[in-house]
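An overview of the molecular structure
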There are 2 protein chains.
Amino acid sequence: MKKYCFGADIGGTTVKLGLFDIEGNVLDKWEIKTHTENEGAAILPDTAEAVMAKIKERNLNVEEIAGIGVGVPGPVSIDGIVPHTANLGWGYKEVTKELSERTGLPCKAGNDANVAALGEMWVGGAKGCKDVLLLTLGTGVGGGIIVDGKILTGAHGAGGEIGHIHVEDQMEEHCGCGNQGCLEQFASATGIARLARAALAECEDPSLLREEEVTAKAVFDALKAGDAVAERVAERFARYLGTGIAVMTAILDPEVIVIGGGVSKAGGILLDYIRKYYKTNAYKSSKETEFALAQLGNDAGIYGCAKLILDGVCEN
Amino acid sequence: MKKYCFGADIGGTTVKLGLFDIEGNVLDKWEIKTHTENEGAAILPDTAEAVMAKIKERNLNVEEIAGIGVGVPGPVSIDGIVPHTANLGWGYKEVTKELSERTGLPCKAGNDANVAALGEMWVGGAKGCKDVLLLTLGTGVGGGIIVDGKILTGAHGAGGEIGHIHVEDQMEEHCGCGNQGCLEQFASATGIARLARAALAECEDPSLLREEEVTAKAVFDALKAGDAVAERVAERFARYLGTGIAVMTAILDPEVIVIGGGVSKAGGILLDYIRKYYKTNAYKSSKETEFALAQLGNDAGIYGCAKLILDGVCEN
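If you're wondering where the values come from, they're calculated on a predicted model, not measured in any experiment.

Next up on the list: the relation of the copies chain B and chain A. When chain B is brought onto chain A, the operation consists of a screw motion whose angular component is 180° and whose axial shift is 0.0 Å, with 0.0 Å RMSD remaining. A rotation of that kind, with that shift, is consistent with a two-fold axis. Of the residues that chain B buries at the interface, 100% are likewise interface residues in chain A, meaning the two copies contact each other through the same surface.

So, in structure tokens, the structure goes:
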């Protein structure tokens with residue numbers, strides 16, 4: 001009889017870990033440093049050690065542990081194979097095989113944004129839904145897609161790479177992915193700051209944004225204070241993002257659109273701006289589809305990792 | 001023991017029907033007229049009658065029939081409910097419930113483009129794949145999406161409405177869906193003819209297209225003959241479609257992209273043009289994703305309808 005499972009959300013700075021009971025209650029939550037040096041060779045051994053130490057500390061019976069769900073910042077195939085992961089230093093890596101050999105526990109892996117979507121569906125902003133589109137607006141723009149309750153993994157583990165849909169032909173700078181005109185170049189925190197710097201350079205209007213470091217947070221703070229330049233930046237950001245989301249929903253027809261990541265801290269005003277352009281360009285069946293803010297913050301990943309394992313337990 | 005199933009692909013002009021054995025061989029194939037008058041009230045009774053007549057004609061044992069799969073030209077929910085279907089005259093319609101009551105057989109329904117994708121995956125251009133993106137370029141642009149072997153239905157039955165992704169801000173004409181700048185306005189047969197008329201009006205260059213009715217077929221025939229105006233039209237069409245497909249694959253990461261519909265009869269040259277813009281804008285994981293031409297033509301629907309039923313038989 002299985003009673004517990006672990007979630008391990010591997011990020012570029014820390015590995016977030018969680019111990020859950022089979023009903024989905026979090027019993028423990030902690031993190032360890034991600035050692036990316038030496039091609040990230042220590043990351044999986046460190047993660048295995050952290051799990052084994054927790055098992056020992058809590059005196060758990062290994063027979064009662066359903067497994068470890070793992071989130072990885074990059075493409076992951078359905079077999080738990082990562083072809084490459086820029087942020088961790090990994091080349092080809094058989095994540096679930098290695099972690100399973102090191103712990104003796106069953107493992108499943110998913111892309112970090114996809115498992116975050118699974119977490120939000122389970123206990124967060126998309127609770128009760130089966131078709132979910134999650135966008136995380138942070139340093140980059142990540143995406144997680146749930147179709148009929150399951151992660152859309154894709155043929156190369158790259159399903160939901162929505163930050164890289166092409167939205168602008170007139171973009172000279174290159175995106176981190178190598179292309180030009182990706183959504184991420186306009187709708188990430190970095191992209192919003194870029195739009196703001198361009199708007200400030202294009203005019204001489206007074207603006208709160210001239211008085212401090214230009215960040216996405218500064219833009220939304222200025223917007224809330226009625227700043228005219230910030231308003232133009234928000235309009236432009238929202239045109240790219242709202243139209244981009246309309247494209248996604250014409251393809252996916254989700255039940256709910258969840259917005260997470262650091263930029264989502266701007267709150268309701270963010271959704272108001274996005275909705276305007278969304279409604280103009282969304283297909284008729286999806287024009288009224290609900291927007292929600294993500295609720296689990298940085299914990300979405302470990303919840304989703306746990307759910308990866310618990311879904312497997314329910315299937316068997 | 002089930003031995004047979006029916007596929008019924010309902011179109012605006014005819015209902016295409018097929019009788020299949022459980023291994024997927026087509027035993028019989030025929031069609032009846034679609035009577036759209038009187039809000040399409042006769043369509044399901046006619047379809048039921050056609051199926052029952054075939055059962056009688058072939059002296060089949062009703063106990064051995066697994067069911068009827070139905071394709072509908074519009075959104076269909078997972079419960080077989082159609083909210084509205086412009087081409088058939090239907091308002092709200094419980095398709096599977098009504099057809100099941102009229103025949104005494106289990107029924108499942110899917111959107112016509114989605115079941116066509118299922119058919120192409122089963123025995124056509126995407127055979128052996130589990131993640132498929134099908135585009136049908138005809139009067140409109142339809143789409144069918146298969147994720148891990150199953151149709152992506154969507155929360156409102158509108159998954160895969162890829163003809164209505166927004167691709168152009170500078171479009172004054174409205175699409176049939178009510179929006180402006182939809183992919184369908186540029187990549188359908190109608191859209192290609194519109195681009196060609198615009199290209200002819202913009203210049204006075206001699207062109208084969210000035211000598212006959214401007215159709216999508218005429219454009220590709222002229223292109224094959226080296227016509228310079230046709231080449232500009234093909235470039236513009238391919239920029240919209242290739243970039244649009246790149247957007248779709250960044251979201252879906254399919255194993256194969258299948259192009260069907262009347263426009264696909266242009267053949268390999270069509271794929272060459274699309275691939276150029278596709279590769280420029282596709283996300284790195286999907287840049288090498290294979291393009292294929294659809295193989296089943298107008299039969300893709302009845303095959304997919306049959307597969308809807310046979311998948312259910314295998315599940316049970």
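All names here are of chain B. Along the chain, Ala 53 turns up in helix H2 (residues 43-57). According to the C-beta neighbour criterion, Ala 53 is exposed, with 11 such atoms within 10 Å. Sequence-wise, Ala 53 and Cys 203 are 150 residues apart; in three dimensions their C-alpha atoms are separated by 58 Å.

A few words on the confidence of the model for chain A. Residues and elements named next belong to chain A. Overall, the predicted model of chain A reaches an average pLDDT of 94, with 99% of residues at or above 70. Highest mean pLDDT in chain A belongs to helix H8 (residues 228-252) (98); lowest belongs to helix H10 (residues 300-315) (86). Overall fold confidence for the complex sits at a pTM of 0.92, while the interface term, ipTM, reaches 0.91.

The subject of this paragraph is helix H9 (residues 268-281) of chain B. All names here are of chain B. Spanning 14 residues, H9 covers 20 Å between terminal C-alpha atoms, matching the ideal 20 Å at 1.5 Å per step. Taking the largest bend as the criterion, H9 deviates by roughly 25°, centred on Arg 275. The elements touched by buried residues of H9 are helix H7 (216-224), helix H8 (228-252), strand S11 (256-260) and strand S12 (290-293).

Looking now at the nonpolar core. Note on soluble globular proteins: their nonpolar side chains tend to be buried together. By size, the foremost hydrophobic cluster in this structure holds 207 residues, and its most contacted members are A:Val219 and B:Val219. Beyond its immediate stretch of four places on either side in the chain, B:Val219 contacts B:Ile192, B:Ala196, B:Leu209, B:Ala230, B:Val233 and B:Ala234.

What follows concerns the packing of helix H7 (residues 216-224) of chain A against H8(A). All names here are of chain A. The N-to-C vectors of H7 and H8 enclose an angle of 120°; their axes lie 8 Å apart at closest approach. Considering the angle they form, H7 stands oblique to H8. The way H7 lies across H8 gives a crossing that is left-handed. Two secondary-structure elements touch here, H7 through Val 219, Ala 222 and Leu 223 and H8 through Ala 230, Glu 231, Val 233 and Ala 234. Considering only residue class, the contact of H7 with H8 consists of 6 nonpolar, no polar and 1 charged.

For any two helices packed against each other, the geometry comes down to the angle between their axes and how far apart the axes lie. Residue and element names in this part refer to chain A. Here helix H6 (residues 189-202) crosses H8 at 130°, and the two axes come no closer than 9 Å. The pairing of H6 with H8 is recorded here as oblique in orientation. Considering the relative orientation of H6 and H8, their crossing is right-handed. For the pair H6 and H8, the contacting residues are Ile 192, Leu 195, Ala 196, Ala 199 and Leu 200 in the first and Val 229, Arg 232, Val 233, Arg 236 and Phe 237 in the second. When the residues that make up the contact of H6 with H8 are grouped by side-chain class, the tally is 8 nonpolar, no polar and 2 charged.

A word on the sheet that holds strand S8 (residues 132-137) of chain A. Residues and elements named next belong to chain A. In spatial order, the strands read S10-S9-S8-S11-S12; together these 5 strands make up an open sheet with mixed pairing. The sheet is open, and its two edges are formed by strand S10 (150-151) and strand S12 (290-293), each paired on a single side. Where S8 lies against strand S11 (residues 256-260), 5 bridges are found, and the strand directions are parallel. Residue Leu 133 lies in a different strand from S11, and its bridge partner there is Ile 257.

Here we take up the domain arrangement of chain A. All names here are of chain A. Looking at chain A, the domain boundaries give domain 1 (4-119 + 298-315) and domain 2 (128-294). For domain 1 and domain 2, the distance between their C-alpha centres works out to 28 Å. The interface is formed by 12 residues belonging to domain 1 together with 16 residues belonging to domain 2. Only strand S7 (107-111) and helix H4 (112-123) provide two or more residues apiece to the side of domain 1 that touches domain 2. Here the element with the most residues in the side of domain 1 that touches domain 2 is H4; it accounts for 5 residues. Across the side of domain 1 that touches domain 2, the residue classes break down as 8 nonpolar, 4 polar and no charged.

The next point concerns the pairing of strand S9 (residues 141-147) of chain B. Regular strands place side chains that alternate from one sheet face to the opposite one. Residue and element names in this part refer to chain B. In terms of residue burial, S9 counts as a mostly covered element, since 7 of its 7 residues are buried. Across the two faces of S9 the burial is the same, with Val 141, Gly 143, Ile 145 and Val 147 and Gly 142, Gly 144 and Ile 146 all buried. Relative to S9, strand S8 (residues 132-137) is paired through 6 bridges, and the arrangement is antiparallel. Among the inter-strand pairings, Leu 137 is bridged to a residue of S9, identified as Val 141. Connecting S8 to the antiparallel partner S9 that follows it, the hairpin turn spans 3 residues. Strand direction decides the pairing type here: S9 and strand S10 (residues 150-151), joined by 2 bridges, are antiparallel. In the sheet register, Val 147 faces S10, and the bridge partner there is Lys 150.

How each quantity is defined
Every chain is numbered on its own, with residues counted from 1 as its sequence reads. Naming scheme: in the order in which they are written, chains are lettered from A and ligands are numbered from 1. With the structure being a predicted model, the display of local features is reserved for residues of pLDDT at least 70 and the display and counting of side-chain atom pairs for 80 or more, all residues being used for whole-chain, interface and lining totals. Alignment of copies: least-squares fit on C-alpha atoms of residues with pLDDT of at least 70 in both copies. A residue pair is marked as a contact if its C-beta atoms, positioned from the backbone, fall within 7 Å. Counting from the N terminus, the helices are DSSP H or I runs at least four residues long and the strands are E runs at least two residues long. Exposed residues have 12 or fewer other C-beta atoms within 10 Å of their own C-beta, buried residues have 20 or more, and partly exposed residues fall in between, where C-beta atoms are placed from the backbone. Per residue, pLDDT measures the predictor's confidence, with a range of 0 to 100. By definition here, a helix of n residues has an expected span of 1.5 Å times n minus one. Working definition for bend: take the seven residues up to and ending at a residue and the seven starting at it, fit an axis to each, and measure the angle between the axes. Here, a nonpolar core means buried Ala, Val, Leu, Ile, Met, Phe, Trp, Tyr and Cys residues linked by C-beta atoms lying within 7 Å of one another. To define axes, lines are fitted to C-alpha atoms, for helices over the stretch in contact only, and angles between the resulting N-to-C directions are given on a 0 to 180 degree scale. Orientation is classified from the angle alone, with under 35 degrees giving roughly parallel, over 145 giving roughly antiparallel, 65 to 115 giving roughly perpendicular, and any other angle giving oblique. By convention the crossing between two helices is left-handed if the near helix lies anticlockwise of the far one by an angle smaller than a right angle, and right-handed if it lies clockwise. Residues are grouped as follows: Ala, Val, Leu, Ile, Met, Phe, Trp, Tyr, Cys and Pro are nonpolar; Asp, Glu, Lys and Arg are charged; all remaining types, including Gly, are polar. The criterion for strand pairing is that DSSP finds at least two bridges linking the strands in question. In this entry, domain limits derive from an automatic or database-based domain assignment.

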